Amino acid sequence: MTPPPASARQGGLPGELSETHRDLLALCALRINDKSVDWSLLARTCQSAADIEATLEGNIQEQSEAAQENLPILRTALTHLVEARHRVAIELEAAELAGARIITVLDDAYPANLRVVPDRPPFLFYLGDLSGADRRSVAVVGTRGATEDGIRRAKRMSEGLVAADVAVYSGLALGIDSAAHMAALDAGGRTVAVLGHGIASKIYPTANEMLAKRIVREGGALFSQFWPLSNPARWTFPRRNVVTSGSALGSIVIEASRTSGAKMQARIAYEHGKRVFLLRSLVEQESWAAKMVAARRAVVVATLDDVLGHLDSAPAVLARAEEPYHQRPRSARGATGAPRGGVRAGPPNRPAGRD
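Residues numbered from 1 in each chain as written. Predicted model: local features only at pLDDT ≥ 70, side-chain atom pairs only at ≥ 80, totals over all residues. Heavy atoms only, no water.

Engineer: In this structure, what is going on with the overall build of the protein? I would like to understand it.
Structural biologist: Counting secondary structure elements, the protein contains 17 helices and 9 strands. Here the protein, with 355 residues, has 56% of them falling under the buried criterion. When contacts within the protein are restricted to residue pairs at least 6 apart in sequence, those whose partners lie at least 24 apart make up 73%. Summed over its atoms, the accessible surface of the protein is roughly 14900 Å², and 50% of this surface lies on carbon and sulfur atoms. (Helix = DSSP H or I, 4+ residues; strand = E, 2+ residues; numbered from the N terminus. Buried < 20%, exposed > 50% of the residue type's maximum accessible area, 1.4 Å probe, protein only. Contact = heavy atoms within 4.5 Å. Areas by Shrake-Rupley, 256 points an atom, 1.4 Å probe, with all protein chains shown as cover.)

Structure below.
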């Protein structure tokens, strides 16, 4: 098989996108009465030029409650398509100036693990490189207010994952996330930071600006599912967790209270059909973690070998996520087009809690 051109493997430059790609982005940019079409729905139903043409004509090719709810929004918002295209042009220019590239659900290089989750985003802007090695990746996450033991455990886990040729994903937050990224880099491995803001916005938290630059410089990547000029907000962090979970085979939670975004990611990972690994120390200290294990939604791990043993069987678990979303049992999905809990890939119609 002839390998795809470099541009196909690494996404496209914002200024060189095809008309079809721009049409997809314009659909994402449509807004009416402060509402937009559910981006996850667009990602599922706009995977070809024909799909996008049908959507631009006011049709949603999915039989689901989410489609029924979003169809009136789409048809009304299409009257503002010119404004949406203008928004897209501004955002693409900002991405280009930031040196970013873009990958969409239309592209073969769209991350394979992320493609199988129902609430995937329709596009990702990124700095750095995409890598096929990310098919074997794990998210290492936890609280910003980490203890010294938590930092040490995160570093040890990331170092071990790198030694086993596993890419490390996390959210660039202070605490556990930062420790996971830095340990992966120090071990000579690949790490990807999923941002809670636009790729052209100032790095948040500002204390991790140098870490973000190091990740890109040393062969990793920064991912963002938001418009390039978007600033961090209460609703962006839960959606960041969707991509962090979806891009990996599983998530390891090091430390997390019941109000932590890492707890949310554990739930999202389970709903994605991914592996959920909870450190034994976490299960012993937090009732929410013990309940997840008791309900067989997560497994307790104490060592790297525990993680790797389960990781090798992870692809079988993904079969549930590969089913067309509208054909999945109602118990496994919400009525609004998002997994149970209501976290979507795209912009909200109302704020959600921050991690």
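Engineer: So what exactly am I meant to see when it comes to helix 11 (residues 236–246) here?
Structural biologist: Because each turn of an α-helix spans 3.6 residues, side chains separated by three or four positions end up pointing in the same direction. Here helix 11 lies mainly inside the structure; 11 of its 11 residues are buried. Those residues of helix 11 that sit buried are Thr-236, Phe-237, Pro-238, Arg-239, Arg-240, Asn-241, Val-242, Val-243, Thr-244, Ser-245 and Gly-246.

Engineer: What am I meant to see in the packing of aromatic side chains here?
Structural biologist: Think of a pair of aromatic rings as described by two things: how far the centres are apart, and how the planes are tilted against each other in angle. Counted by the stated rule, this structure contains 8 aromatic pairs. Ring centres 5.1 Å apart and planes at 55° place the aromatic pair Trp-39 and Phe-123 in the tilted group. Of the two residues, Trp-39 is situated in helix 3 (residues 39–45) and Phe-123 in strand 2 (residues 123–128); the sequence distance between them amounts to 84 residues. Exposure remark for Trp-39: the relative accessible area of 3% places this residue in the buried category. We classify Phe-123 as buried; its relative accessible area is 0%. Here the aromatic rings of Phe-123 and Trp-227 are separated by 5.1 Å at their centres, their planes lie at 40°, and the arrangement is tilted. One end of the pair, Phe-123, is in strand 2; the other, Trp-227, is in the loop between strand 6 (221–224) and helix 11, with 104 residues separating them in the sequence. Taken together through their ring pairs, the aromatic side chains of Trp-39, Phe-123, Phe-125 and Trp-227 make up a single cluster. (Phe/Tyr/Trp six-rings, centres within 6.5 Å; stacked < 30°, edge-to-face > 60°.)

Engineer: Help me out: how do you make sense of the pairing of strand 2 in this one?
Structural biologist: A regular strand places its side chains on the two faces of the sheet in alternate fashion. The buried fraction of strand 2 amounts to 5 of the 6 residues, a majority that puts the element mostly inside the structure. Summarising the sheet, strand 2 and strand 6 pair through 4 bridges and their orientation is antiparallel. Bridge assignment links Leu-127 to a residue of strand 6, and that residue is Leu-222. (Pairing = 2+ DSSP bridges.)

Engineer: Mind showing me how you'd approach the environment of Val-117 here?
Structural biologist: Positionally, Val-117 belongs in the loop between helix 7 (112–115) and strand 2. Assessed through its relative accessible area of 0%, Val-117 is described here as buried. With 126 residues separating them in the primary sequence, Val-117 and Val-243 have C-alpha atoms 9.3 Å apart. Once residues lying within four places of it in the same chain are set aside, the contact partners of Val-117 are Gly-246, His-272 and Lys-274.

Engineer: Mind showing me how you'd approach the confidence of the model for the protein here?
Structural biologist: Low pLDDT means the predicted coordinates in that region are not meant to be read closely. Per-residue confidence for the protein gives a mean pLDDT of 88; residues scoring 70 or more make up 85%. Segment residues 1–9 is flagged for pLDDT under 50; beyond a separation of four residues in sequence, or across chains, it makes 7 contacts in the model. Note on residues 316–344: pLDDT under 50 across the span, and 68 contacts to partners over four residues away in sequence or across chains. (pLDDT = per-residue confidence, 0-100.)

Engineer: When you look at the nonpolar core in this model, what are you seeing that I'm missing?
Structural biologist: Across soluble globular proteins, you tend to see nonpolar side chains buried next to one another. Membership of the largest hydrophobic core comes to 97 residues, with the highest contact counts inside it found for Leu-161, Leu-222, Phe-223, Ile-252, Val-253, Leu-278 and Trp-288. By residue number, the principal contributor to this core is helix 2 (residues 19–29), which donates 6 residues. Not counting chain neighbours up to four residues away, the residues in contact with Leu-222 comprise Phe-125, Tyr-126, Leu-127, Ala-193, Leu-195, Ile-199, Ile-203, Ala-212, Ile-215 and Val-216. (Core = buried A, V, L, I, M, F, W, Y, C linked by side-chain atoms within 4.5 Å.)

Engineer: Quick question: what am I supposed to make of unusual backbone geometry here?
Structural biologist: Working note: non-glycine residues mostly have negative phi, and peptide bonds are mostly trans. With omega at 0°, the peptide bond leading from Tyr-204 into Pro-205 counts as cis. Following the sequence through the fold, Pro-205 ends up in the loop between strand 5 (191–194) and helix 10 (209–217). One non-glycine residue, Leu-172, lies in positive phi territory at about 65°. In this structure, Leu-172 sits in the loop between strand 4 (167–170) and helix 9 (176–186). You can call Leu-172 buried: its relative accessible area is 0%.

Engineer: So what exactly am I meant to see when it comes to the pattern of salt bridges here?
Structural biologist: Counted under the stated rule, the structure contains 10 salt bridges. Measuring nitrogen to oxygen at the nearest pair gives 2.8 Å for the salt bridge that ties Arg-85 to Asp-23. Of this pair, Arg-85 sits in helix 6 (residues 81–97) while Asp-23 sits in helix 2, and the two are 62 residues apart along the sequence. Its relative accessible area of 34% is what places Arg-85 among the partly exposed residues. By sharing partners, the salt bridges in this structure join Asp-186, Arg-214 and Glu-218 into a single network. (Salt bridge = Lys/Arg side-chain N within 4 Å of Asp/Glu carboxyl O.)

Engineer: Sorry if this is basic, but what is going on with the sheet that holds strand 1 (residues 101–104) here?
Structural biologist: The pairing of strands in a sheet happens through backbone hydrogen bonds and is either parallel or antiparallel. Here we have 9 strands laid out as an open sheet, ordered 1-2-6-5-4-3-7-8-9, and mixed in their pairing. Two strands close off the open sheet at either side, each with one partner strand: strand 1 and strand 9 (299–301). Neighbouring strand axes in the sheet, compared pairwise and without regard to direction, differ in orientation by 30° on average. Direction of pairing for strand 7 (residues 250–253) relative to strand 8 (residues 275–279): parallel, over a ladder of 4 bridges. Paired with Val-253 across the bridge in strand 8 is Leu-278. Those strands touched by helix 14 (residues 287–294) are strand 7, strand 8 and strand 9, and its axis lies near 135° from that of strand 8. (Axes fitted to C-alpha atoms, helices over the stretch in contact; angles between N-to-C directions.)

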